[in-house]
Amino acid sequence: MSPLSKIKTRALLIVITMFMASWLHAETVYLGSPHILQYFHQGPWNVQGGESTVAHTFTLPDNGGTQVNFSFENALKGVDVTDPNAPDTTGALPATWSHHGTNGMAAGEATVARFDSGDQFSLVVDHQIAIEAFTMHEYQGGEEVRITWTDEGIAKSLNLIMTTANGVITIGGRRGNYPLSDPIIADANTPIIFTNVTPPSSDHLRLCSIACSLVLNAPPYYEPSDDGFVQMFGVNIAGAEFNSGNLPGTHGYNYFYPNEDEVEYYHSKGLNLIRLPFKWKRLQNSLYAPLSTNELALIDGVLALAAARDMKVILDMHDYGHYDDDDIKIGNPALPHSAYADVWLKIADHFKNNDAIYGYGLMNEPVGMAAGGGNWPVAAQTATDAIRSVDAKTWIIVGGENWSSATKWRASNPNLDVIDPSDKLIYEAHCYFSNAGNDNYGSWSAEQVYPYEAIHRVEPFVQWLKERDARGFVGEYGIPGNEPRWNDVLENFMEYLGANGLSATYWAGGRYWNNYSLGVHPSSNYTVDRPQMAVLTKDFAYTVTQEEVDIAYAKIAVASSIQNSSKSADKAVDGDDATFWSSSFADDEWIYVDLEQSYGFDRVEIVWENAYASEYRIQVSNDAASWTDIYSTTTGNGGTDTLTALAGNGRYVRLYCDVRGTGWGNGVRSFRIYSSESGVPVASNLTGTDIGSTGAAGNNSESGDSYTIQASGYDIYGTADSFRFLHQTMTGDGEITALVSSLTATHSWAKAGLMMRESTDANARNVFVLATNGTATNMQYRSTTGGSTANISGTGTIPHWLRLSRSGDTFTGYHSSDGVNWTTIGAQTIAGMPTNLEIGLAATSHNNSVLTTAVFDNVTLPGDTTPTVPTNLTEGKTATASTEQNSSRSADMAVDGDGVTRWSSIYADNEWIYVDLGQSYDIDEVVLSWEAAYASGYRIQVSDNASTWTDIYTTTTGNGGTDQLTNLSGNGRYVRILCETRGTSWGNSLYEIEVYGSL
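Just so you know, the residues in each chain are numbered from 1, in the order the chain's sequence is written. Given that this is a predicted model, residues contribute local features only at a pLDDT of at least 70 and side-chain atom pairs are listed and counted only at 80 or more, while totals for whole chains, interfaces and linings are drawn from all residues. Think of the side-chain values as coming from all heavy atoms in the structure, minus any hydrogens and water.

Colleague: How should the overall build of the protein chain be read in this particular structure?
Modeller: Here a strand is any run of E in DSSP of at least two residues, a helix any run of H or I of at least four, and the numbering for each starts at the N terminus. Within the protein chain one finds 10 helices and 57 strands. Only protein chains enter the accessibility calculation, which uses a 1.4 Å probe; a residue is then buried when its area is under 20% of its type maximum, exposed when over 50%, and partly exposed in between. Residues counted as buried form 55% of the 999 residues belonging to the protein chain. Counted over contacts in the protein chain with a minimum sequence separation of 6, partners at least 24 positions apart contribute 74%. Here the protein chain displays about 37,500 Å² of accessible surface, and carbon together with sulfur accounts for 47% of that area. It only takes one pair of heavy atoms within 4.5 Å for two residues to be counted as in contact. Each accessible area is a Shrake-Rupley estimate made with a 1.4 Å probe; only the visible protein chains count as cover when residues are assessed.

Colleague: Looking at this structure, I do not really get unusual backbone geometry. What am I missing?
Modeller: The bulk of non-glycine residues show a negative phi, and the bulk of peptide bonds are trans. Leucine 247 connects to proline 248 through a cis peptide bond whose omega is 0 degrees. With an omega of 0 degrees, the peptide bond between isoleucine 798 and proline 799 qualifies as cis. Residues other than glycine seldom take positive phi values, yet glutamate 365 does so here, at roughly 45 degrees. Here glutamate 365 is to be found in the loop between β19 (357-361) and α5 (376-388). In this structure, asparagine 910 takes a positive phi of about 55 degrees despite not being glycine. Checked against the element boundaries, asparagine 910 lands in the loop between β51 (903-904) and β52 (911-930).

Colleague: Explain the sheet that holds strand β25 (residues 581-582) to me, please; I cannot follow it from the model alone.
Modeller: Consider a sheet: its strands pair through backbone hydrogen bonds, and that pairing is either parallel or antiparallel. DSSP-based pairing: two strands are paired if at least 2 bridges between them are found. The strand order across the open sheet built from 4 strands is β25-β32-β27-β30, with neighbouring strands paired in antiparallel fashion. Because the sheet does not close on itself, it has two edges, and the strands there are β25 and β30 (640-644).

Colleague: What exactly am I supposed to notice about a negative patch on the surface here?
Modeller: A cluster of acidic residues, Glu875, Glu884, Asp892, Asp896 and Asp898, forms a negative patch on the protein surface. Mapped onto the elements, aspartate 892 comes out in the loop between β50 (878-881) and β51. Residues qualify for a patch when their relative accessible area is over 30% and they have no salt bridge, like charges being joined within 9 Å and the nonpolar side chains of Val, Leu, Ile, Met, Phe, Trp and Tyr within 5 Å. For this analysis, a salt bridge means a side-chain nitrogen from Lys or Arg found within 4 Å of a carboxyl oxygen belonging to Asp or Glu. The charge count treats Lys and Arg as positive and Asp and Glu as negative. His and the chain ends do not count. Note on charges: their place is set at NZ of Lys, CZ of Arg, CG of Asp or CD of Glu.

Colleague: Just checking my understanding: could you explain helix α9 (residues 485-499) for this structure?
Modeller: Compared with an ideal rise of 1.5 Å per residue, which puts 15 residues at 21 Å, α9 spans 22 Å between its outermost C-alpha atoms and is within 8% of the ideal. Here α9 has its buried residues at Trp486, Asn487, Val489, Leu490, Glu491, Phe493, Met494, Tyr496, Leu497, Gly498 and Ala499. Next to the buried residues of α9 lie β16 (233-237), α7 (444-447), α8 (453-468), β22 (471-476), β23 (503-509) and α10 (533-536). Immediately downstream of α9, the backbone of glycine 501 shows phi near 80 degrees, a positive value. The span expected for a helix works out to 1.5 Å for each residue beyond the first.

Colleague: I would appreciate a short explanation of the packing of aromatic side chains in the present structure.
Modeller: Both the distance between ring centres and the angle between the ring planes are used here to describe each pair of aromatic rings. Each pair of aromatic rings taken from Phe, Tyr and Trp, with Trp reduced to its six-membered ring, is defined by centres within 6.5 Å and is described as stacked if the planes are under 30 degrees apart, edge-to-face if over 60, and tilted in the remaining cases. Counting across every chain of the model gives 37 aromatic pairs. The interplanar angle of 90 degrees and the centroid separation of 5.8 Å between the aromatic rings of tyrosine 914 and tyrosine 974 together place this pair among those described as edge-to-face. One end of the pair, tyrosine 914, is in strand β52; the other, tyrosine 974, is in strand β56 (residues 970-982), and 60 residues separate them in sequence. Tyrosine 974 shares its class with tyrosine 914; the two are buried. Their ring planes at 55 degrees and their centres at 5.4 Å tell us that tryptophan 930 and tyrosine 938 sit as a pair that is tilted. With respect to burial, tryptophan 930 and tyrosine 938 carry one shared label: buried. Only Lys NZ and Arg CZ are tested; either one counts as a charge over a ring when it is within 6 Å of the ring centre and within 35 degrees of the ring normal. The cationic tip of arginine 603 hangs over the ring face of tyrosine 674; the distance from NZ or CZ to the ring centre is 3.8 Å.

Colleague: How do you make sense of the nonpolar core when you look at a structure like this?
Modeller: Among soluble globular proteins, nonpolar side chains are generally buried collectively. We call a set of buried residues a nonpolar core when its members are Ala, Val, Leu, Ile, Met, Phe, Trp, Tyr or Cys and they connect through side-chain atoms within 4.5 Å of each other. Membership of the largest hydrophobic core comes to 99 residues, with the highest contact counts inside it found for Tyr340, Trp344, Tyr477 and Phe493. Once you skip the residues sitting within four places of it in the chain, phenylalanine 493 turns out to touch Cys431, Phe433, Ala454, Ile455, Val458, Val474 and Tyr477. Val740, Met756, Val767 and Val769 belong to the second largest nonpolar core, which has 34 residues in total.

Colleague: Help me understand the sheet that holds strand β8 (residues 120-125), please; the structure alone is not making it clear to me.
Modeller: The strand order across the open sheet formed by 6 strands is β4-β5-β8-β14-β10-β11, and the pairing between neighbours is antiparallel. Each edge of the open sheet carries a strand with a single partner, namely β4 (53-60) and β11 (154-161). Ignoring which end each strand starts from, the neighbouring axes of this sheet average 15 degrees apart. Two strands pair when backbone bridges link them, and β4 and strand β5 (residues 66-73) are joined in this way by 8 bridges, in the antiparallel orientation. For valine 54, the partnering residue across the bridge sits in β5 and is phenylalanine 72. To obtain an axis, a line is fitted to C-alpha atoms, over the contacting stretch when the element is a helix, and the angle between two such axes runs from 0 to 180 degrees between their N-to-C directions.

Colleague: How should I be thinking about empty space enclosed by the protein in this particular structure?
Modeller: Where empty space is left becomes clear once a probe the size of a water molecule has been rolled over the atoms. A pocket here means an open set of points on a 1 Å grid, computed over the protein atoms alone, that has protein on both sides within 12 Å along at least five of seven lines. A cavity is instead a set of points where a 1.4 Å probe fits but cannot get out; residues with an atom within 4 Å of a point line either one. Grid points are joined across faces, edges and corners, and a volume is the space filled by probe spheres set on the points. Applying the stated criterion across every chain, the model contains 2 cavities of 30 Å³ or more. Counted as a void, the second largest cavity has a volume near 30 Å³. Along its surface, the second largest cavity is lined by Ser33, Pro34, His35, Leu60, Pro61, Lys466, Tyr496 and Asn500. Each residue gets one label: Ala, Val, Leu, Ile, Met, Phe, Trp, Tyr, Cys and Pro are nonpolar, Asp, Glu, Lys and Arg are charged, and the others, such as Gly, are polar. Grouping the amino acids of the lining of the second largest cavity by side-chain chemistry returns 4 nonpolar, 3 polar and 1 charged.

Colleague: What is the right way to read the environment of proline 191 from this model?
Modeller: Structurally, the position occupied by proline 191 is in the loop between β13 (175-186) and β14 (192-196). The exposure class of proline 191 is partly exposed, given its relative accessible area of 38%. Residues proline 191 and valine 125 lie 66 residues apart in sequence; the distance between their C-alpha atoms is 7.8 Å. For proline 191, the contacting residues outside a window of four places in its chain are Ser122, Leu123, Val124, Thr148 and Trp149.

Colleague: Sorry, what's going on with the confidence of the model for the protein chain here?
Modeller: As a note on interpretation, predicted positions should not be read in detail where pLDDT is low. Of the residues in the protein chain, 85% have a pLDDT of 70 or more, and the chain-wide mean is 84. The quantity called pLDDT is the predictor's confidence in a given residue, expressed from 0 to 100. Predicted confidence is poor over residues 165-174, with pLDDT under 50, and the contacts of this stretch with residues over four places away or in other chains come to 30 contacts. Low pLDDT, under 50, characterises residues 678-684; the stretch is placed with 19 contacts to residues that sit more than four places away or in other chains.

Colleague: Teacher, can you tell me more about helix α1 (residues 260-268) here?
Modeller: For α1, the complete set of buried residues consists of Glu262, Val263, Tyr265 and Tyr266. Angular distribution of buried residues about the axis of α1 spans 160 degrees; they occupy a single face of the element. Identification of polar contacts relies on pairs of N or O atoms within 3.5 Å, with a donor-acceptor requirement for protein atoms, meaning one able to donate a hydrogen and the other able to accept it, and with residues adjacent in sequence counted only if both atoms are side-chain atoms. Its side-chain oxygen at 3.1 Å from the backbone nitrogen of aspartate 261, asparagine 259 defines the N-terminal cap of α1. Of the residues trailing α1, glycine 270 is marked for its positive phi of about 80 degrees. Each C-beta atom gives one direction from the helix axis, and the arc is the one those directions make.

Colleague: How should I be thinking about the pairing of strand β53 (residues 935-943) in this particular structure?
Modeller: The buried count for β53 comes to 8 of 9 residues, which makes it a mostly enclosed element. Two elements, β53 and β56, share 8 bridges in a ladder whose sense is antiparallel. If you follow glutamine 941 over to β56, its bridge partner there is arginine 976. As defined by bridge partners, β53 adjoins strand β54 (residues 950-955) across 5 bridges and the pair is classed as antiparallel. Bridging from a neighbouring strand, isoleucine 940 pairs with tyrosine 953 of β54. In sequence, β53 turns back onto β54 through a hairpin of 6 residues, with alanine 946 there showing a positive phi of about 60 degrees.

Colleague: What is the right way to read the pattern of salt bridges from this model?
Modeller: Proximity of charged atoms lets side chains of opposite charge pair with each other. A complete count under the given rule lists 38 salt bridges for this structure. Note that aspartate 529 is salt-bridged to lysine 269, the shortest N-O span being 2.9 Å. You can see aspartate 529 sitting in the loop between β23 and α10 and its partner lysine 269 sitting in the loop between α1 and β17 (273-278), a full 260 residues away along the chain. For lysine 269, a relative accessible area of 24% translates into the label partly exposed. Glutamate 467 is the partner of arginine 410 in a salt bridge, and the nearest nitrogen-oxygen pair spans 3.0 Å.

Colleague: I'm lost on the side chain of aspartate 151 in this one. Help?
Modeller: Following the sequence through the fold, aspartate 151 ends up in strand β10 (residues 144-151). A distance of 3.5 Å separates polar atoms of two side chains, one belonging to aspartate 151 and the other to lysine 156.

Colleague: So what exactly am I meant to see when it comes to the side chain of glutamate 589 here?
Modeller: On the secondary structure map, glutamate 589 appears in strand β26 (residues 589-600). Salt bridges are absent for the buried glutamate 589, whose nearest opposite-charge side chain, arginine 660, sits at 7.8 Å. Every residue in contact with glutamate 589, bar those within four places of it in the chain, is listed here: Ser560, Ser561, Ser583, Ser584, Leu655, Tyr656, Cys657 and Asn666.

Colleague: Please explain the environment of alanine 586 as it appears in this structure.
Modeller: Along the chain, the position of alanine 586 falls in the loop between β25 and β26. Note: C-alpha distance between alanine 586 and glycine 665 (79 residues apart in sequence) is 5.8 Å. Residue contacts for alanine 586: discarding those within four places in its chain leaves Arg660 and Asn666.

Colleague: Hey, could you run me through the packing of helix α4 (residues 337-351) against α5 in this one?
Modeller: Any two packed helices are characterised by the angle at which their axes cross and by the distance between the axes. It is the contact of α4 with α5, at a shortest axis distance of 8 Å, that shows an interaxial angle of 35 degrees. Note on packing geometry: the crossing formed by α4 with α5 is right-handed. Here His337, Tyr340, Ala341, Trp344, Leu345 and Ala348 of α4 lie close against α5, whose contacting residues are Trp376, Val378, Ala379, Thr382, Ala383, Ala386 and Ile387. Tallied by class, residues from the contact of α4 with α5 come to 11 nonpolar, 2 polar and no charged. The crossing is said to be left-handed when, going from far helix to near helix, the turn is anticlockwise and less than a right angle, and right-handed when the turn is clockwise.

Following this line, the structure appears as structure tokens:
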């Protein structure tokens, strides 16, 4: 995935004065996408009655996905309010914080969670955040809540009196929404404390939600898709679903497909995604019958109009889970799943090669399925299986029960986990912002919404998607056009969808809906827009063109040196200007990026840390060995250097820092590279071939050193094979290595791996090292043409690294859990194998009617040049120390990869810590990151038994900080730091021990 240079952000210079508190935030801060904390009584919080802490980790979309930990302390309090005039607060009852009861505070609701006078709870977040609004329930009038927090270490406070003067109050529902005129900016890892300071009387509150955002020191970016999903915004064009009581009906009289004027209008407004409703019975006049040629022609006509304008269309079966306009649902014996599978197989078979199709919408709002004798998850899976039998590439869009409500999604769809062998599934929710939760809106004053109302409604669906790493689509949403304030709600909603990577279509257009309050069909012969179009025409999608993408983002970066582990080379390409790479304090240092493909460069951007290079060069290479200068300067002065009109081509781009501009090293916050080219694969020239008798045609795709294969096939075994092979010719000896990252479980013996093969004949001699999902790695071989296949078993399941090598007539298979430490599966000699072999990636579904999807990463082939990235041998290994100051300063803290935690000894000399590397290595470098308590005299020692030690380095002049010790020479399984003399009166303390070497 790549970040965007096209930034949508909310930059705020914050100067706040409110009630009894006043404060100044004297710098510009950037707020990420709004996030609503809510529904604490259900997933993902999953709290139980009587708990006092509610916590969860959310992934916010800002800066490529940021994990943020939220924790509420003292949040739950069970109260028996059977008698609301004398509530019993003596016991911890099974109620949850902000639980919505059926009768509010009235008698009949036995327990609720309460926030009474004097009660206090706190919120702790591990990132700096801004609180922008919150919602309280059980508002009576005049309650007062005190909020305290710290901002840049300074204590702040705010007293909020809950009146209509400072909130949006719904008296009837006793709900108060409080958007703050200026957000509360709170430090990371410090409590934000809420206290109910209302005098005891009408003091019963329940916090329902908090709207917050990450605080960032630079504009956030949001990632486009890397799985073929294209984020788009558009509109439903209603008409073809009209008159459901008259099926099939007559086109042009009972129902209407869009005409060219409608399609052109939305195209001219930048709404290039059409959700096209149709009725099942109109397309298939009776169950299991052929599709109606007349109806297909009408749909084909709309697709042709869209294709001529580069628009996309979703085919939306708009039938609410039934076939006729009745209560019989899919799965009822009168409407079996086989009938539903039949129609979707025929639809997909007709449209599978139409590039105007965005996706197949399986069913609009499958509501009341169980009551109608149906089962929606089973129906959705049945339709998916049918589609995939003829179409492996088109996205499938799955709606949800209960009108596909985004707000009620989690509770309404507990078992909606459809399995798609192509992994091209999109879940569809609908979201309206009225009190009724549908398109029946009251007046603005009756609805009483607040600016984040729409985000509040859709957040449960978005979080459900994130928990499953799933794609999402909001197929219907809309607002009345008679009140301008609704546009603010709509814009916040669409910005939120954009940042979180969802596509969406507004409900609705359609030339026969001129009087529909949510309608956006223009008036006056397409010359006057509806008010909603002022928002809908804005650009909310984060799908970007190649020239907008930093192609260095998240790629492998290699540096000549690093100051310490927290300033490693990857920090220059992580998209975060707050982190940076820093070299040792020397000239002639460098950092390069492997772009995985060869590009011609338009622009390079360097964001320097305070330590910059006054003289430097930009260089390119295709082998990371021979470099060509494409830019040089001797007058660098730090800051941000944007270098344009560059001329060069290469897979590797290096920043060579000839001369430092300060007494420090060379520090780069961001090394960004832009190209207008799509990139040219460097090495492989692989060819995809279906071998043997395959039931469904396979396919493959490539991105850098990552490959995806979709394959059918009976098996790779026995006397002949049936599979997909992505291959090239290898002459003589060589090897292939790859990480098998994933494999769709079409069968327990679905296989993916590396192969060397005499030819592409099904019965050819071959060697195959493979991995599966449920069984161990294996090495298979067929020694004679048409002969049987033998097997050697290994260990480990997907994801797993594999390697296959040839030396003469001997073939050796290896496996590894980390790509560093390799174990031999087996070696086999096959006499007379030709000099030229087909070598590559192989996969079989072991279920010849369906496609499995295999993903291979970090693929290296004969002739590839792969940068050597040093591997820290200590991270996650077992560490042992002579003493530990306490349990929070244990030995393992020095090898956990976290530059914040540390090991600390007691206050004594001659303390030590050693690491078990698991096997012996030739050690050539050790990096020690000392805490303030360091050793002035210490030794680096190695051993094979943790008993007899050999010195490979010694010093008596240690001064703390980071010691990067290079050109060491020693061999051993155990590495020890013997701290002979302390440099302070404290103990000996290390943040991290890093060891580098080779087998």
